[in-house]
Amino acid sequence: MEGGVHKADKTEFTECWRTSWRTPYIMRLAFSAGIGGLLFGYDTGVISGALLYIRDEFKSVDRKTWLQETIVSMAVAGAIIGAAFGGWINDKYGRKKSILLADILFFVGAIVMALSPGPWMIIIGRIFVGLGVGMASMTSPLYISEASPARIRGALVSTNGLLITGGQFLSYLINLAFTKAPGTWRWMLGVAGLPALVQFVLMVSLPESPRWLYRQNKVDEAREILEKIYPANEVEEEMKALQSSIEAEKADESSIGTGMISKVKSAWSNEVVRRGLYAGITVQVAQQFVGINTVMYYSPTIVQLAGFASNKTALALSLITSGLNAIGSIVSMAFVDRFGRRRLMIISMFGIIVCLVVLSVMFFQASVHAPSISNTESTYFGGNSTCSSYMTAPDASSWNCMTCLKASSDCAFCANGASKYLPGACLAANDVTKGACRAEHRTWYTNGCPSKFGFFAIIVMGLYIISYSPGMGTVPWIVNSEIYPLRYRGIGGGIAAVSNWVSNLIVSETFLTLTEAIGSAGTFLLFAGFSFLGLVAIYFLVPETKGLPFEEVEKMLQKGYRPRLFSKQKNVDSA
């Protein structure tokens, strides 16, 4: 029942299928709790597409970058709070009640967002959803782990991770499905209430985690559940293992304390745990500062920055990145035990850095070679339709599309009717002018400019996801499940997870501001710089844990880790 997230191997997945077929109750438990992972993925991914239509409906959101960032990142802020309090609620009231509470938060948040009369109410709904995400992120895998037979626990917990990426992919499909529906973004955000309701109904009829019941001295209830999960001849052995594990846990609590502050102090004062935290926090912070959630939260916006103006086109192309992310998670499960955690992360970081640098160059070339602004085109729709910043600029003759868009949030680019790559018009960004532009069968741009580099930028973004997902996408969580001594695994993983959420919040809250301040090219180059620092930190601070028993990892940290690139440490390849 202890030990964090156990990585499943191929044999374990085969055994999982056989056991679940023989005992459907196990799959019912895992699937019901796993819907929390699906909701986690859906609610973090759906905002990327919904934001395009929220901007169309609320002009204040379209004009204020900080408001867009706040709508996106408030779910992350809520998740930090949800994860922080989720641990206490899990221990105090149980896993089942925690999942039910997360469902209520998901459902309320979805309804609040769907009925929002203004941006402020969307933000409140996002906070509710974030609280649910934070609780689900830790409670769903915990419940699955504690209510699964030991021999297939890793496989069942791994399916929770697949459901998270599956939820993100589903959110892009739902976004695409509602592009023509009245209320677009309201349906996109409101649909999340349905799986939350389904999970709530399913969980009401399911039992509490046997481990939590045993710890609450409800031994007979715990035994009753284990009898439904294990064959009759294994129940007594599992009860003894449960008793032994909980007694050891209580002994650890007496030595390191039960309060959060005392646990954190004890962890940082222990040299082995501190070195483990250096590695665990490093990989979690690096995972976020490579910029992955700018792609997951803002991918349709990035596609528009690459020159694809249509919301529907942007959503369709973004679906590719989400699909690649889901496939990458499966690839990771196949290779992480063959190549090792450290090696896979280093290879992943090299790929990420190359892709970010190439993206930076492409966005720079796109801005330099953007179509120029024609005075004739700009006055074609009438003097009142021309952007005022362009009219008063002393160097207006040197303007191009990108200059027009950066000059003011009140400026937009209307492409040339003959070809979008020919000189176009810099117009006032309002619905009347937008309608006049489109009536001429021209394309209206507010985020990016027509570019011959756009298609190649999308391909490189796909390569970025392929580089990220099998390595930095999944391995940091595996490292954090293996790097800490058993008695510190909960607090160590918690500290690292908080560092991940906080880094996520910083990146998502600043991305659009950075693109305005230093441009898309400068922003991706900045992330490439962060990625290089992350690569260096991983090389020097993160040891290989593949195939090592927890005791060996502890001894290695005790001696102090000295890196050797792609080193084959003793016993590493024995597993």
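Residues numbered from 1 in each chain as written. Predicted model: local features only at pLDDT ≥ 70, side-chain atom pairs only at ≥ 80, totals over all residues. Heavy atoms only, no water.

Asker: Quick question: what am I supposed to make of the packing of helix H15 (residues 271–289) against helix H24 (residues 475–482) here?
Answerer: Relative placement of two packed helices is described by the angle separating their axes and the distance separating the axes. At a closest axis distance of 9 Å, the pairing of H15 and H24 adopts a crossing angle of 165 degrees. With respect to each other, H15 and H24 are oriented roughly antiparallel. With respect to the hand of their crossing, H15 and H24 are arranged in left-handed fashion. Facing Gly280, Val283, Gln284 and Gln287 of H15, the residues of H24 in contact are Pro476, Trp477, Val479 and Asn480. When its residues are assigned to classes, the contact of H15 with H24 shows four nonpolar, four polar and no charged. (Axes fitted to C-alpha atoms, helices over the stretch in contact; angles between N-to-C directions. Helix = DSSP H or I, 4+ residues; strand = E, 2+ residues; numbered from the N terminus. Parallel < 35°, antiparallel > 145°, perpendicular 65-115°, else oblique. Left-handed = near helix turned anticlockwise from the far one by under 90°. Contact = heavy atoms within 4.5 Å. Nonpolar A, V, L, I, M, F, W, Y, C, P; charged D, E, K, R; others polar.)

Asker: How should the side chain of serine 520 be read in this particular structure?
Answerer: By secondary structure assignment, the location of serine 520 is in helix H25 (residues 489–541). Apart from the residues within four sequence positions on either side, serine 520 is in contact with Leu305, Phe363 and Thr515.

Asker: Sorry, what's going on with the side chain of serine 98 here?
Answerer: Along the chain, serine 98 turns up in helix H6 (residues 95–114). The residues contacting serine 98, other than those within four sequence positions of it, are Ile89, Asn90, Met135 and Thr139.

Asker: Whenever I open this one, helix H12 (residues 219–229) confuses me. Can you help?
Answerer: Since the α-helix advances by 3.6 residues per turn, residues separated by three or four positions end up pointing in the same direction. Every buried residue of H12 is listed here: Ala222, Ile225, Leu226 and Ile229. Buried positions in H12, seen along its axis, are confined to an arc of 100 degrees and lie on one side of it. (Buried < 20%, exposed > 50% of the residue type's maximum accessible area, 1.4 Å probe, protein only. Arc of directions from axis to C-beta.)

Asker: What exactly am I supposed to notice about the environment of methionine 349 here?
Answerer: You can see methionine 349 is positioned in helix H18 (residues 341–368). With 119 residues separating them in the primary sequence, methionine 349 and tyrosine 468 have C-alpha atoms 7.3 Å apart. When sequence neighbours within four positions are dropped, the list of residues in contact with methionine 349 reads Val290, Met472, Ser531, Gly534, Leu535 and Ile538.

Asker: Even after reading the chapter, I still don't get the pairing of strand S1 (residues 411–414), so can you show me in this structure?
Answerer: Along a regular strand, successive side chains alternate from one face of the sheet to the other. What you see with S1 is no split at all: Cys411 and Phe413 on one side and Ala412 and Cys414 on the other are buried throughout. Bridge count for S1 against strand S2 (residues 425–428) is four bridges, and the pairing is antiparallel. Within the sheet, the bridge partner assigned to alanine 412 lies in S2 and is leucine 427. Relative to strand S3 (residues 444–445), S1 is paired through two bridges, and the arrangement is antiparallel. The residue of S3 that forms the bridge with cysteine 414 is tryptophan 444. (Pairing = 2+ DSSP bridges.)

Asker: Hey, could you run me through the state of the cysteines in this one?
Answerer: Such a bond, covalent and formed between the sulfur atoms of two cysteines, is termed a disulfide. Scanning the model with the defined rule gives four disulfides in all. Across a sulfur-sulfur distance of 1.8 Å, cysteine 387 and cysteine 411 are joined as a disulfide pair. Remark: cysteine 411 occurs in strand S1 and cysteine 387 occurs in the loop between helix H19 (375–378) and helix H20 (388–392); sequence separation between them is 24 residues. Judged by relative accessible area, which is 3%, cysteine 411 ranks as buried. Between the sulfur of cysteine 414 and that of cysteine 437 lies a disulfide, 2.1 Å long from S to S. Between cysteine 414 and cysteine 437, the disulfide has an S-S torsion of 95 degrees and is therefore right-handed. Here the residue cysteine 414 occupies a position in strand S1, and cysteine 437 occupies one in helix H22 (residues 431–439), the gap between them amounting to 23 residues. (Disulfide = S-S within 2.5 Å.)

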